[in-house]
Amino acid sequence: MDIKSIQKELKKENLSGALFTLGNMFIDEDILPEENRIRELTGFSGSYALLFITPAKAFLFVDGRYELQAKKEVNLKQIEIVKLAEICFADWLKKSFAKTAARISYNPWQLSQNTLESLQRQLPKAEFIPASPDKCLSPKKVKVFAHQKKFTGLSAKDKLSLVCAYIKQRKLAAFLVTSAASCSWLLNLRSNALPCTPVLRAYVLVEKSGTYKIFAEHTDLKEALPFEKLAAILPQYAKLGTDFATAPAMVKNLKPDVINTPDEIMNLKAVKNPTELKGTRAAHLRDGIALTKFMYWLSKNYKGKTETDIAAKLLDFRKKEANFYSESFATIAGFGTNAAIVHYHACPERAATLKKGSVLLLDSGGQYFDGTTDVTRTIALGDPTADMVEKNTLVLKGHIALASAVFHQHTAGNELDLLAREPLLKLGLDYEHGTGHGVGYFSDVHEGPARISIHAKHSAPLKAGMVTSIEPGYYKENAFGIRIENLYYVKPAKNPKFLQFEVLTLAPLDKRLINKYLLTADELKWLNHYHRQVFLSLKKYLTKQELEWLKDACAPL
């Protein structure tokens, strides 16, 4: 079905509009291409969007990361792009239907109960009508495998006991886990359902006694029940908790008196245990070896290579490292003007060819059985312009400011975000994405509950044991893009009342893009110390030629 067909149906049913989210029954989690209704309808390939179709027009809502990309990918005669930073979706609906009582259809499997209730509160005169429920799950067969205890540190039994204690504390009969990442962590199970995120896409119903039922489809997990069984099983529990942020509205439709209860597993898995932290450090070392070997290779071989060639070559280097499973997301290799598109993805038929005179923005990561990595390096090809050097140095100053921060326990990410933006803000510049996100453990590369973002007004506080990215950037449309991203571990500071960051990522920064005269003495000290740490950590794993290159790349400024 295309947009015009949907519009005909809206007119026939006397509906004001139809809401489509970019996802399936696993709210805000990764999806497969065949599950992407928004891409099917619009051609937009970004990872976040809302689509609202009225009988007369379609509106695609994107955030600042994807504004340029959306304008290039969709039919602007048929679809209007709305930037979410300028207006929130609910406000847009209120403005659009101020004089009429809107009748809006939605898929109850694809809209969270929280989102539905928020829209209902803000538009009390509107009628939200469940459309034919569609879980939008691919029929692709899925293999399930265990994440071994030598990597996890805790058994599934250990983790279930923690969740049972939480259920009893909340005085519930049971808790329905609807986050795939939470289910995967809880049961120490993973799957090949997604190419870059090895989670088991399942729901788990945990009783206070510790017994549980798994709901999943198209897997080889023999004990899994089909999701249709939820309708008969959920009403059996007098007090059933589930998190309305991740539970689709369909769950409440099946059991109207379900209780909105935060998913405690998200907090438990965000704080890495000693085994997970040890594994994360080891995975970052191996990832740093692969990335550094690649950067040496690139310095000798970039001419004539395309963006997709570069991504494939980097993957080859990562595949050689122990415990490697997959990329943690499709590599972003944006050259020149493409680097200004925040989450750009090249395709072979349109990939740019690398040459002297601009920068390559390379955002990539790996899934290892003992950790998940995410790193961005901006690399000069040939001599960078003065503008590129200045903007990269400003981004570096912001990165150092946040990476060096010491802050109170219980500080939320939105309170730290401005540290990274300040050098740019002083010149009237900014970037339209968050500064940091939590990172899972052989799981989602974007993990809640903590975020470092001015857009996350109620973000969770950072805690010792969490892993987060720090990734400020600068993007000049039709010119170039800059981003510097490392992952950090949150740990207690000298005074245990405070927290600080410890770096995990080990890969050199391109000194050709750094004007040392714009750095303070402390910033220069941070940079030189970081490069010395990179060199000492990686030197014994490189060939003679690679080592000579790294020695120069890490030499103090």
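Scoring rules and cut-offs
Residues numbered from 1 in each chain as written. Predicted model: local features only at pLDDT ≥ 70, side-chain atom pairs only at ≥ 80, totals over all residues. Heavy atoms only, no water. Helix = DSSP H or I, 4+ residues; strand = E, 2+ residues; numbered from the N terminus. Rg over C-alpha atoms; globule rule 2.2 N^0.38 Å. Buried < 20%, exposed > 50% of the residue type's maximum accessible area, 1.4 Å probe, protein only. Contact = heavy atoms within 4.5 Å. Areas by Shrake-Rupley, 256 points an atom, 1.4 Å probe, with all protein chains shown as cover. Pairing = 2+ DSSP bridges. Salt bridge = Lys/Arg side-chain N within 4 Å of Asp/Glu carboxyl O. Core = buried A, V, L, I, M, F, W, Y, C linked by side-chain atoms within 4.5 Å. Expected span 1.5 Å × (residues − 1). Disulfide = S-S within 2.5 Å. Polar contact = N/O pair within 3.5 Å; in protein donor to acceptor, adjacent residues only side chain to side chain. Phe/Tyr/Trp six-rings, centres within 6.5 Å; stacked < 30°, edge-to-face > 60°. Lys NZ or Arg CZ within 6 Å of the ring centre and 35° of its normal. Axes fitted to C-alpha atoms, helices over the stretch in contact; angles between N-to-C directions. Bend = angle between axes of the 7 residues up to and from the residue.

Chemist: How would you sum up the overall build of the protein? Please name residues and give values.
Modeler: Helix and strand content of the protein: 17 helices and 27 strands. Over its C-alpha atoms the protein spans a radius of gyration of 24 Å, differing by no more than 12% from the 24 Å that the globule rule assigns to 557 residues. Across its three principal directions, the C-alpha atoms of the protein cover 65 × 55 × 45 Å. Here the protein holds 557 residues, and 58% of them are scored as buried. In the protein, 70% of the contacts between residues at least 6 apart in sequence involve partners at least 24 apart. Here the protein displays about 23900 Å² of accessible surface, and carbon together with sulfur accounts for 53% of that area.

Chemist: Hey, could you go over the sheet that holds strand β8 (residues 174-177) for me, with residue numbers and the actual values?
Modeler: Taken in spatial order, the 5 strands of this open sheet run β11-β10-β8-β12-β13, and their pairing is mixed. This sheet does not close on itself; its edge strands, each paired only once, are β11 (212-215) and β13 (259-260).

Chemist: Provide a residue-level description of the pattern of salt bridges, including the pertinent values.
Modeler: Inspection of every chain in the model, using the stated rule, returns 30 salt bridges. With a shortest N-O distance of 3.0 Å, glutamate 228 and lysine 135 are connected by a salt bridge. Of this pair, glutamate 228 sits in the loop between β11 and α9 (230-233) while lysine 135 sits in the loop between β6 (127-130) and β7 (144-146), placing them 93 residues apart in sequence. A salt bridge links glutamate 546 to lysine 293, with the nearest nitrogen and oxygen atoms 2.8 Å apart. Note that glutamate 546 is positioned in helix α17 (residues 544-553) and lysine 293 in helix α12 (residues 274-301), a separation of 253 residues in sequence. We classify glutamate 546 as buried; its relative accessible area is 9%.

Chemist: Report on the nonpolar core, specifying residues and quantitative values.
Modeler: The biggest cluster of nonpolar side chains holds 51 residues, and the ones touching the most others in it are Leu396, Phe407, Phe501 and Trp526. Broken down by element, the residue count for this core peaks at 7 residues, all from helix α14 (residues 386-403). Ignoring anything within four residues of it in the chain, the contact list for phenylalanine 501 reads Leu402, Ala403, Ala405, Phe407, Leu416, Ile452, Leu462, Thr468, Ile470, Tyr488, Tyr489 and Val490. One finds Met25, Leu234, Tyr237 and Leu240 within the second-largest nonpolar core, a separate group that totals 24 residues.

Chemist: How would you summarise unusual backbone geometry if you had to cite specific residues and measurements?
Modeler: The peptide bond linking glycine 448 to proline 449 adopts the cis configuration, its omega dihedral lying at 5°. Among the secondary structure elements, proline 449 is positioned in strand β22 (residues 447-452). Positive phi, normally seen in glycine, also occurs at histidine 410, with a value near 75°. With respect to the element layout, histidine 410 can be found in the loop between β20 (406-408) and α15 (413-425).

Chemist: Tell me about α14, residues and numbers included.
Modeler: With 18 residues, α14 extends 25 Å from end C-alpha to end C-alpha; this agrees with the ideal 26 Å at 1.5 Å per step. When you tally the buried positions in α14, you get 14 out of 18 residues, the bulk of the element.

Chemist: Quick one: what's the story with the state of the cysteines, residue by residue and with numbers?
Modeler: Tallied over the full model, the rule gives 0 disulfides. Unpaired in this structure, cysteine 136 has its nearest cysteine sulfur neighbour in cysteine 183, at a distance of 19 Å. We classify cysteine 136 as buried; its relative accessible area is 9%. Not part of a disulfide, cysteine 196 finds its nearest cysteine sulfur in cysteine 347, a span of 17 Å.

Chemist: Tell me about the side chain of aspartate 510, residues and numbers included.
Modeler: Tracing the sequence through the fold places aspartate 510 in the loop between β27 (498-503) and α16 (521-538). Engagement of the side chain of aspartate 510 in a polar contact is seen with the backbone nitrogen of alanine 380, the distance being 2.8 Å. At a separation of 2.8 Å, a polar atom in the side chain of aspartate 510 contacts the side chain of arginine 512. Among all residues touching aspartate 510, those that are not within four sequence positions of it are Thr378, Ile379 and Ala380.

Chemist: Can you break down the packing of aromatic side chains residue by residue, with the values?
Modeler: Here the structure, examined in full by the defined rule, presents 24 aromatic pairs. With a centroid separation of 6.0 Å and 50° between ring planes, the pair formed by tyrosine 474 and phenylalanine 480 is classed as tilted. Exposure remark for tyrosine 474: the relative accessible area of 9% places this residue in the buried category. Its end group placed over the ring of tyrosine 431, arginine 421 keeps NZ or CZ at 4.0 Å from the ring centre.

Chemist: I'd like to hear about the environment of tyrosine 530, residue by residue, with values.
Modeler: Position of tyrosine 530 relative to the elements: it lies in helix α16. Looking at tyrosine 530, the relative accessible area reads 2%, which means it is buried. A C-alpha to C-alpha distance of 25 Å links tyrosine 530 and leucine 315, two positions 215 residues apart in sequence. Beyond its immediate chain neighbours, meaning those up to four positions away, tyrosine 530 contacts Arg377, Asn486, Val503, Thr505, Leu506, Ala507 and Leu509.

Chemist: So, the sheet that holds strand β1 (residues 17-21): which residues are in play, and what are the values?
Modeler: The strand order across the open sheet built from 6 strands is β4-β3-β2-β1-β5-β6, with neighbouring strands paired in mixed fashion. At either margin of the open sheet sits one strand with a lone partner, and together these are β4 (79-83) and β6. For this sheet the average axis-to-axis angle between neighbouring strands, irrespective of direction, equals 25°. Bridge count between β1 and strand β2 (residues 50-53): 4 bridges; the pairing is antiparallel. Within β2, the residue paired with threonine 21 across the bridge is leucine 50. Running over the sheet, helix α4 (residues 89-96) touches β1, β2, β3 (58-62), β4 and β5 (103-106) and is turned about 15° from β2.

Chemist: Can you break down the environment of glycine 241 residue by residue, with the values?
Modeler: Along the polypeptide, glycine 241 turns up in strand β12 (residues 240-242). For the pair formed by glycine 241 and lysine 171, sequence separation is 70 residues and the distance between their alpha carbons is 9.5 Å. When sequence neighbours within four positions are dropped, the list of residues in contact with glycine 241 reads Leu172, Ala174, Phe175, Leu176, Val258, Ile259 and Thr261.

Chemist: Go over α15 with me, naming the residues and quoting the values.
Modeler: When the terminal C-alpha atoms of α15 are compared, their 18 Å separation across 13 residues agrees well with the 18 Å that a helix rising 1.5 Å per residue should span. The largest bend along α15 measures about 30° and falls at leucine 419, with the proline proline 423 one to four residues further on. Buried within α15 are the following residues: Gly413, Leu416, Asp417, Ala420, Arg421, Pro423 and Leu424. Where α15 is buried, its residues touch α14, β20, β22, β24 (473-476) and β27.

Chemist: An account of the pairing of β11 is requested, with residue identities and associated values reported.
Modeler: Looking at chain direction, strand β10 (residues 203-207) and β11 are connected through 4 bridges and run antiparallel. By the bridge assignment for β11, tyrosine 203 is matched with phenylalanine 215. Connecting β10 to the next strand, β11, in antiparallel fashion are 4 residues, including glycine 210 with a positive phi near 105°.

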